[in-house]
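# Report on the structure
Here is what each chain is made of, one letter per residue.
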Amino acid sequence: MAWTREEMAARAAQQIRDGFYVNLGIGIPTLVANALPPGMTVSFQSENGMLGIGPFPYEGEEDPDLINAGKQTVTEVPDTSYFSSSDSFAMIRGGHMDLSILGSMQVSEEGDIANWMVPGKMVKGMGGAMDLVAGAKEVIVLMEHVEKSGAPKLVTRCSLPLTGTHVTDFVITDLAVFEFTKRGGTLVLKELAPGVTLDEVKAKTEAKFEVGLS
Amino acid sequence: MRQKVYPDAKSALEGIVSDGMMVMAGGFGLCGIAENLIAAIRDLGPKNLTVVSNNCGVDDFGLGILLANGQIKKMISSYVGENKLFEKLYLAGDLELEFNPQGTLAERIRAGGAGIAGFYTKTGYGTIIAEGKPTREFNGQHYVLETGLVADLSIIKAWKADKEGNLVYRKTARNFNPMMATAGKITVVEVEELVEIGELDPENIHTPGIYVDRIVVEVGAEKRIEKVTTRKREEVK
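On a predicted model such as this, the values are computed, not experimentally measured, just so you know. (Residues numbered from 1 in each chain as written. Chains lettered and ligands numbered in written order. Predicted model: local features only at pLDDT ≥ 70, side-chain atom pairs only at ≥ 80, totals over all residues. Heavy atoms only, no water.)

### Quick notes on the overall build of chain A
Applied cut-off: Here a helix means four or more residues in a row that DSSP labels H or I, a strand means two or more in a row labelled E, and each is numbered from the N terminus. Taken over C-alpha atoms, the radius of gyration is set against a globule rule of 2.2 Å times the number of residues to the power 0.38. Under the scheme applied here, a residue whose accessible area is under 20% of the maximum for its type counts as buried, over 50% as exposed, and between as partly exposed, the area being computed with a 1.4 Å probe on protein chains only. Throughout, a residue-residue contact means that at least one pair of heavy atoms, one from each residue, lies within 4.5 Å. In these tables, accessible area is a Shrake-Rupley quantity obtained with a 1.4 Å probe, and a residue counts as shielded only by the protein chains included in the view. His is not counted here, nor are the chain ends, while Lys and Arg score as positive and Asp and Glu score as negative. Charge placement uses NZ in Lys and CZ in Arg. For Asp and Glu, CG and CD serve respectively.
In terms of regular secondary structure, chain A is built from 4 helices and 13 strands. Taken against the 2.2 N^0.38 rule, which gives 17 Å for 214 residues, the C-alpha radius of gyration of chain A at 17 Å falls within 12% of a compact globule. C-alpha extents for chain A along the principal axes are approximately 50 × 40 × 30 Å. Looking at chain A as a whole, 57% of its 214 residues qualify as buried. Of the contacts formed within chain A by residues at least 6 apart in sequence, a portion of 60% connects residues at least 24 apart. Working note: accessible area of chain A is about 8,800 Å², and carbon and sulfur atoms make up 51% of it. Considering chain A, the positive charge centre built from 17 side chains and the negative charge centre built from 28 side chains are found 9 Å apart.

### With respect to the interface of chain B and chain A
Heads up, the rule is: Buried area: the sum, over both parts, of the accessible surface (1.4 Å probe) that disappears when the two are put together. Any carboxyl oxygen of Asp or Glu within 4 Å of a side-chain nitrogen of Lys or Arg constitutes a salt bridge here. Within 3.5 Å is the distance limit for a polar contact, defined as a pair of N or O atoms, with the added protein rule that one can donate a hydrogen and the other accept it, and that residues adjacent in sequence qualify only through two side-chain atoms. Under the grouping applied here, Gly and all other residues not named as nonpolar or charged are polar, the nonpolar ones being Ala, Val, Leu, Ile, Met, Phe, Trp, Tyr, Cys and Pro and the charged ones Asp, Glu, Lys and Arg.
Taken together, the contact pairs 53 residues of chain B with 46 residues of chain A. When the buried area of chain B at its contact with chain A is split by residue, Lys171(B), Thr172(B) and Arg231(B) rank highest and sum to 16% of it. In this assembly, chain B and chain A are joined by 6 salt bridges. The interface formed by chain B and chain A holds 27 residue pairs in polar contact (both at pLDDT 80 or more) in total. Of all the secondary-structure elements, those providing two or more residues to the side of chain B that touches chain A are α4 (84-91), α5 (102-113), β5 (118-121) and α6 (177-183) of chain B. Residue contributions to the side of chain B that touches chain A peak at 6 residues, all from α5(B). Residue classes in the side of chain B that touches chain A are distributed as 21 nonpolar, 17 polar and 15 charged.

### So, the sheet that holds strand β6 (residues 135-138) of chain B
Residue and element names in this part refer to chain B. What counts here: In this scheme, strands are said to pair when DSSP sees at least two bridges between them. Lines fitted to C-alpha atoms define the axes here, with helix axes fitted over just the stretch in contact, and angles between the N-to-C directions of these axes take values from 0 to 180 degrees.
With antiparallel pairing, the 3 strands of this open sheet are ordered in space as β5-β7-β6. Strands at the two margins of the open sheet, each flanked by one partner only, are β5 and β6. Between one strand axis and the next, the sheet turns by 35° as a mean value, whatever way the strands run. Alignment of β5 against strand β7 (residues 141-147), held across 4 bridges, turns out to be antiparallel. Looking across to β7, one finds that Gly118 is bridged to Thr147.

### Here's the deal with unusual backbone geometry
Phi is positive for His166(A), which is not a glycine, with a value near 55°. Within the element layout of this structure, His166(A) appears in the loop between β9 (154-155) and β10 (170-172). Given the relative accessible area of 35%, His166(A) is considered partly exposed. At Asn175(B), a position not held by glycine, the phi torsion is positive, near 30°. You can see Asn175(B) is positioned in the loop between β9 (167-168) and α6. Look at Asn175(B) and you get buried, because its relative accessible area is 0%.

### What to know about the sheet that holds strand β6 (residues 106-108) of chain A
Residue and element names in this part refer to chain A. As summarised here, the arrangement of the 3 strands in space is β7-β6-β9, forming an open sheet in which the pairing is mixed. Two strands close off the open sheet at either side, each with one partner strand: β7 (113-114) and β9. Where β6 meets β7, 2 bridges bridge the pair, whose relative direction is antiparallel. Across the sheet, residue Gln106 finds its bridge partner in β7, namely Ala114.

### As for the pairing of strand β2 (residues 49-52) of chain B
Consecutive side chains along a regular strand alternate between the two faces of the sheet. Residues and elements named next belong to chain B. Put simply, the rule is: A clockwise course of the path from the first strand over the helix to the second, judged with the strands pointing away from the viewer, identifies a crossover as right-handed.
With burial as the criterion, each face of β2 is covered, one bearing Leu49 and Val51 and the other bearing Thr50 and Val52. Direction of pairing for strand β1 (residues 22-25) relative to β2: parallel, over a ladder of 3 bridges. Counted as the bridge partner of Met22 is Thr50 from β2. Crossover connection from β1 via helix α2 (residues 35-44) to parallel β2: handedness right-handed. Here 4 bridges tie β2 to strand β3 (residues 72-77), and the two strands are oriented parallel to one another. The residue bridging Val51 from the neighbouring strand is Met75, located in β3.

### Thoughts on the pattern of salt bridges
Taken as a whole and judged by the stated rule, the model has 26 salt bridges over all chains. Between Asp169(A) and Arg183(A) there is a salt bridge; the shortest N-O distance is 2.8 Å. Of this pair, Asp169(A) sits in the loop between β9 and β10 while Arg183(A) is found in the loop between β11 (176-180) and β12 (187-192), placing the two residues 14 residues apart along the sequence. With its nearest N and O atoms 3.2 Å apart, the salt bridge here joins Asp43(B) to Arg42(B). Taking the relative accessible area as the measure of exposure, Asp43(B) reaches 47% and is therefore partly exposed. Sharing partners across several salt bridges, the network here consists of Asp63(A), Asp65(A), Lys157(B), Arg170(B), Glu192(B), Glu218(B) and Lys223(B).

Everything listed is a geometric property; what it means functionally is a separate question.
Encoded structure:
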């Protein structure tokens, strides 16, 4: 059985270490916040200018001045700080964020990410994604293993416009976990979702990878 | 004596808006936008504007009302996904669009306000964003040269101002406002509360008054929330 979105998020949460400062992208990555093991001190950053994000507010307590990067209403935690967009991206681009977890449309076997633009379709913009992949100490891509059409998303070379080159450390899909030996290094299959076979992953992956299952 | 306080948004912008100018507009989505000043730009009617703003509002609110009024020629933004009218105008060729990575946009504005003509960043290296821009290697890493941005006018939103223009922002409504305050040849701020000089704590001023030319007190702002997201009380553990 392939992992559900929640299980993928829980698997990604296992990569988070106590004390980490983490930025979560929109989509499946937002589920990671609810999947943290208890007892860990982790601060979530939102690139619109907030470090230390609390849960969604109770009904009736929404504050229009308090939103996350997905423009959803959120709340403070006791150690929250607010800052400007340039301070926020100094944090991101200056290598201060321990981890960025984001979704992607494609990841190449060299760790290139393409997640912001499909030519011929309306382009919404890259937001902070290019800054996050270029600046975070560690980048985890959390995505479905294949497109709805069945086309592989782990590819030899990204056919879509890139967000960053040689920037991925881990790829967690609904079928498996992959790790790059280093930035721009070799892609290694580390783990299969329960009931998923190596043959299935091989059939659904275009990117070249080594098998390093433990 | 400095007289920075104007009776309303329209009088604060009268005579300083013109066709073809570049305007920086603070805000992230609909959070921390200068609602009265945007409406005054609509009413004063300058055309062919280049607008620098992270987003472009929604169809009927925020900068979306300037789009709907045909006043924007070009947007410099990082994300415009929330606006159907934007998409229609863009696909019809009636709107120019320059995407900047969000951090690059913020830093271009910060640099412009600080007199820095350009800077090197890793962001966008190897992507279409770097096409046509000089790149350089420092310590084995690749960087792209980006330029500072200065606007003819910045319209920003703060929570409180004193009459000197010292500003305090509230929560995530700060976002692009502090940098834009520094990067406008003229900066006009819309505030929720105006206080006397001496009432703000000098240790906690976010934007010093030197950057602020004109101040208006916000009237009847809607402060619309783009995505109301809540939890139920019984979910509390």
